[in-house]
Amino acid sequence: MAAAAAAAGRARRGAPVYSQKELTSKKRGEFEDILEERRMSSDLRYAMKCYAPVIYKGLSPCKPSAIKSAVLHSEQVQYVIRQLAKETGESSDIIQEAAMEILDEMGHSMQLGAVRFFAFTLSKIFKRLFQRVCVNEEGMQRLQQAIQEHPVVLLPSHRSYVDFLMLSYLLYTYDLALPVIAAGIDFLGMKIVGELLRRAGAFFMRRSFGGNRLYWAVFAEYVKTMLRNGYAPVEFFLEGTRSRTAKTLTPKFGLLSIVMEPFFKREVFDTYLVPISISYERILEESLYAYELLGVPKPKESTSGLLKARRILSDNFGTIHIYVGQPVSLRTLASGRINRCPYNLVPRHLPQKPSEDIQEFVSDVAYKMELLQIENMVLSPWVLAAAVLLQNLPAMDFELLIEKTLWLKGLTQTFGGFIEWPEEVYSCFSFLRDVFSDEFIFFPGISLKDFEEGCFLLTKCDAIQTTQQEIYPTDKGSVVISFLSAMFRPFLEGYQLIFRYLSKEAKAAFTEKQFIPGVRNFVFQLLEKGNTQCYEALSSDIQKNALAALVQLGAVKKKKMTNGFTYSINQEAVNKILDMFVFRNQLPRRNDTYPEEPPPREPPPASAAAAVQPRRLRSGAALCRVCGCLGPRVCGRCRRAAYCGPEHQALDWRRGHRRTCAQPGAADDLEDAVPDHNEFLFPEYEILIEPEEPESPADSSVDPDDEAAIDTSGNSDKQEELRATGSASEALESLDEETLEAMAKHETEDDKIFQKFKERIAAEPEQIIRYCRGGEGPIWVSGENVPEEKDIPNCSCGAKRIFEFQIMPQLLNHMKVDSLGESIDWGTLVVYTCANNCNEGNQYTEEFIWKQDFSAGSM
Amino acid sequence: MHGKARQELLKWNGWGYNDSKFIFNKKGQAEFTGRRYRLGGMVLPTFKEWIEKTFGASLEHKSTSRASLNVNDVPPSVVNEEFLRDLIATKISYSQDAEDRVFRGHGHCLHEIFALREGIFRRIPDIVVWPVCHEDVVKIVELACKHSLCIIPFGGGTSVSSALECPEEEKRTIVSLDTSQMNRILWIDEKNLTACVEAGIVGQDLEKQLAESGFCTGHEPDSMEFSSLGGWVATRASGMKKNIYGNIEDLVIHIKMVTPRGIVEKNCQVPRMSTGPDIHHFIMGSEGTLGVVTEVTIKIRPVPEYQKYGSVVFPNFERGVACLREVAKQRCAPASIRLVDNAQFQFGHALKPQVASIFTSFLDGLKKFYITKFKGFDPNVLCVATLLFEGDREKVLQHEKQVYDIATKFGGLAAGEDNGQRGYMLTFVIAYLRDLGLDYYIIGESFETSVPWDRVLDLCRNVKERIARECKEKGVQFAPFSTCRVTQTYDAGACVYFYFAFNYRGISDPIHVYEQIERAAREEILANGGSLSHHHGVGKLRKRWMKESISDVGLGMLRSVKEYVDPNNIFGNKNLL
């Protein structure tokens, strides 16, 4: 009987929208940490990057004001205005004005400048707040595809204010069209921030406007206009408000039914709904929510409140996982469900209450989308551990916590939960191997082999069993394993204590003589209090080895001082020191190798230039698009781009192939369309030499004749590229310099130096080399890592080395190796050469080069 | 004028005259044979490239039709001896010949032509009869009632709605009633400007014969070379020049129809009467389910003094539609106004014959330069409207100016008479193209709808997109060719005509795939607020949507008429209901 009723119910409602999902092992793809790149390269450059997102059907975006005017003059809004005028007797002009006011209150005014501002500040803030922001790349690729096909509605889960910003930040990072976001009108109460949000694409809706027909008409038309025109993805929160409990709230249907209407009326062919799950390990507003739920009233959103909230910047909020779900085609959802008639018999611009069919459909879709959000929420170990802890208040044994958490993990997986578990045994192994590199003897560079050997030995004595994916200890093996780990424990604990000492007690710079007693004292205290049993940490052998390991790992800097070495803790990621060498060769004009006269000034034939760079060997073997080595692998999608291996394929994908791959036109010339970043050979230029104009650095005391700024000037076919550089600098100008400055809040020494650097090169922004042998020294890009006199070694002939020239970062642009985080990079390269010009003649002499990077703090 | 053995003049397995077809000549260039059309004997130098580019087709991959009908494939004729005796007694001519029967067993739907080419025949008429007058028809219907036979009336055979297909499950003898010998103009009434014509007359013959007396009907559907007056009435046909002359329902003054119940007719031939629902409207669009239309009194007009073609280029389809809407709003539409989209414009371009002189080619280049470079039109976006003006010379010129003035407001540029004329000429020739396509693994079809003005653009875009998407889903290897044109304008909406074709290489059951896609396209049309049909009719092809189109009650009304008029389902072609 019940079954029959259920069947009848299903028949009435058509095919179920939500079907039983597959519970086991769902393939969800890999996550990528978008902060990783941000930590490695300049935020300012990132904020200034060329941002040209793909948009729906190649439509050119229209201005926010044009949208407003289109909405105001739309039949829909005009109809309601006329109706209201008839009913209230008021003149329609007045009502129209009211409508305009509503639009002004509501409408976004997206500006690239504001977007760049956010890109910059959010990079800074997110890097402080979160360890990682992980995104499923595959989802982003799907989204990019979807945006080109049909209008897209983004439906993120809502747990925090961060959701707003995070998604836009993400789309900016991936070069996708930024969404317009439905935000609560209460944000407008926040003075500057409200306007900023508006410029970043937020539009504001009143919390309740059920009775106000004009408001409803204007609002609905505004949303629909943006959607229909494919102006930008529309983003809103199905839950309506932030969930205070991290449980998903029941959906609100109003906005969803608005965004579906253009499809029902067939004003668009289809609409994609994209469920997005944003999972936090810890929510920014956690304590606020707790107060709120206990009845302490929600503070009004205000700018001062936000500024107060800055203190959270010093906290750690773990990792965010953003899972961009499969875009769901509204057309597919509706097929067979929606009776098409109701919208055919009434002009489409008349406001019409949706039929029961449609209301039911909207509700089903809303629930389906929320379930999809929930399905793809990521559970991290900490979340599970917290759940276990909550049931074991006030405290529980650590081992038990681990055991319970692991049990919960198993349970979650059985239930089909989505777990990100950082449990690669090998990565732990290789980390420890690096840490103990001065403690034990490892043959350098074969950590994988070491790992396999270890596994083999342990398997041999039955301590562990290994399968393809898993390694697990056996019951029999517990004796072996506990013995071995006990052997190892003193080192582990000893190092931990030493690291604790360094992070808590140590001064900014210290000598070895200060270090050892310091550690000893620290350990003594702990031993006395009974906080540790690790007497081994008192051993100076361990202490020295630990310090050496830290130096090796780059966490501690070692500097040679007159009275021995000093150490300083490297708070920020240190320059990745590249092996750079510089050689001097002073050939006389008449020599054995080159002719006396310069070559004729004729441009080389174009074909010759092409021949320099074959994408394919004559044998037909394809070459990697990135490095130019043999490329046996091809892109699985377009089957045309060749690569040497997965690393370069992944790199090229992120660097732009994802845009060209899907474009059939681009695919045709793909073979030779070498992306800018991957020239195997550097392009050739002529270097123009000019003395630096005296007036440009007004505050400078340099003798203009002494110093020459050297500028590049390409031959005619390079002009375009140079112009491109120009437009980038325009973009730089378009962003209010002061805004940027203000936002940095504190001006550091570094900033000043960098400012100075910028001022100096402003006169000739294209300069690549500054030459001034023996004269005024180089201009630095940063206050950090400036060599002192003793840092510059003397020449082998015994003479002093003096400054000769510096290479500017602009050269990277010209050589097209300016891709952040991937290619070589420098702030400036300073070359010091022998003051005596020793070894003249036909030979090379090694000289000294000093590399200075942009300081991680200033950019 | 057709004889009884039409296959001597017309193709047995394709469209139109035997002597007229597209071929690739020895040089590999496309050519249109025969002398019947302006394009006849001309070489079309760019057409081959267009086909190859548009469909990914290759001339090396050919699929050939059976050269002639194999009589052994044809189901035998099953005819009751007694009926045959009675029929012979009436002296009405008949045939049980396989070729005659096959010819009357199909219309021109893709699947019907495909079946002919493959030599597959499921159910065809058992016997063909040729009545020569109204009385003959009365006799045949009486005999059919007496012997319980099934009659399927056959006019021009140009149906594209599966209306002529014999229901496979029909067990009775199927009589194909060919009206082609009832083709006389019975009288012309110059005072009232009407003519009484037998229903079997073919469009071009009707116009030719009326012209001899200085008249015309002005009803010119694209099929007018072959379709018959009776067929027009039975399907609610629409003619190209309806803006001046009206559609068939506006033209008809009186209809005489023979039904199993008896003869339906009115007592007078008046312009309008208020006598309850107009019984003509039961007949028009009845698609042969109620009886045989034998005589029609139709309005006639003096042959127009002056005709002028024209064309306008618009920067894009949206502007073009807006212009047509404005023209309709001001009620100043010329005899015909059509707007083709860019794909169809390019298609028309590909059908340009080799230019006769360097001068014309130069002029062409100049025009192209002016339109694309000077006016900034994108050749891949622009679209063209073709126009036909008719009437007094002076009025035509005045009218022309009015229309061009409106066009200018929508960014339109006059593009010459020649382009307009070619556009109309192509509509007659285009039907021949499908046969060429079929030789090279390309199948295609046209379909139409009517739609309110405000939905025209959405409908065109969505239907094309739906076709593209369905093709992809169904495994069609090359992007389909789908194009549309707005062919008629009304006060409240427009008629939109779609062409759709694709290369079916690599698909095992192309007809099934094709039908699925066409069905999806029709669903899309309905969802976009379009009608089930503007003038092709329902037949058996679109029956499934009738209930949705006219509601349960509406369908019941039609059924009850059928039940009264033809309780034994003598007219059992199973169309419409």
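Residues numbered from 1 in each chain as written. Chains lettered and ligands numbered in written order. Predicted model: local features only at pLDDT ≥ 70, side-chain atom pairs only at ≥ 80, totals over all residues. Heavy atoms only, no water.

Looking at an unreviewed UniProt entry, one finds chain B named Alkylglycerone-phosphate synthase and attributed to Dromaius novaehollandiae. Taken verbatim from the UniProt record of chain B, the Subunit (unreviewed entry) comment is "Homodimer." If you open the UniProt record of chain B and go to Subcellular location (unreviewed entry), you find "Peroxisome membrane". (UniProt positions renumbered as here; feature names shortened; annotations may be inferred.)

Some thoughts on a nonpolar patch on the surface
All names here are of chain A. Residues Phe 398, Ile 402 and Leu 406 make up a contiguous nonpolar surface patch of roughly 290 Å² in combined accessible area. With respect to the helices and strands, Ile 402 occurs in helix α18 (residues 398-414). In this structure Ile 402 comes out as partly exposed when scored by relative accessible area, which is 36%. (Patch = residues over 30% accessible without salt bridge, like charges linked within 9 Å, V, L, I, M, F, W, Y side chains within 5 Å. Areas by Shrake-Rupley, 256 points an atom, 1.4 Å probe, with all protein chains shown as cover. Salt bridge = Lys/Arg side-chain N within 4 Å of Asp/Glu carboxyl O. Helix = DSSP H or I, 4+ residues; strand = E, 2+ residues; numbered from the N terminus. Buried < 20%, exposed > 50% of the residue type's maximum accessible area, 1.4 Å probe, protein only.)

Details of the interface of chain A and chain B
Chain A puts 16 residues into the contact, and the matching count from chain B is 15 residues. Run the count over chain A and chain B and you get five salt bridges. In this structure, the salt-bridge partner of Arg331(A) is Glu524(B), at a minimum N-O distance of 2.6 Å. The tally of links between chain A and chain B comes to 12 residue pairs in polar contact (both at pLDDT 80 or more). Its residues assigned to classes, the side of chain A that touches chain B comprises five nonpolar, three polar and eight charged. (Contact = heavy atoms within 4.5 Å. Polar contact = N/O pair within 3.5 Å; in protein donor to acceptor, adjacent residues only side chain to side chain. Nonpolar A, V, L, I, M, F, W, Y, C, P; charged D, E, K, R; others polar.)

Some thoughts on the pattern of salt bridges
By the definition in use, this model includes 55 salt bridges over all chains. The residue Asp364(A) makes a salt bridge to Arg337(A) at a minimum N-O spacing of 3.1 Å. Residue Asp364(A) is located in helix α16 (residues 356-375), and its partner Arg337(A) is located in the loop between α15 (330-334) and α16; the two are separated by 27 residues in the primary sequence. For Asp364(A), a relative accessible area of 13% gives the class buried. The network of salt bridges with shared partners includes Arg266(A), Arg331(A), Arg466(B), Glu470(B), Lys474(B) and Glu524(B).

Considerations on the pairing of strand β3 (residues 152-156) of chain A
All names here are of chain A. The element β3 is largely enclosed, with a buried count of five among its five residues. Of the two faces of β3, both are covered, the one formed by Val 152, Leu 154 and Pro 156 as well as the one formed by Val 153 and Leu 155. Two strands pair when backbone bridges link them, and β3 and strand β7 (residues 272-280) are joined in this way by five bridges, in the parallel orientation. When the sheet's bridge partners are listed, Val 153 is paired in β7 with Leu 273. By the bridge criterion, two bridges tie β3 to strand β6 (residues 234-235) in an arrangement that is parallel. Each residue of the ladder has a partner; that of Leu 154, found in β6, is Glu 235. (Pairing = 2+ DSSP bridges.)

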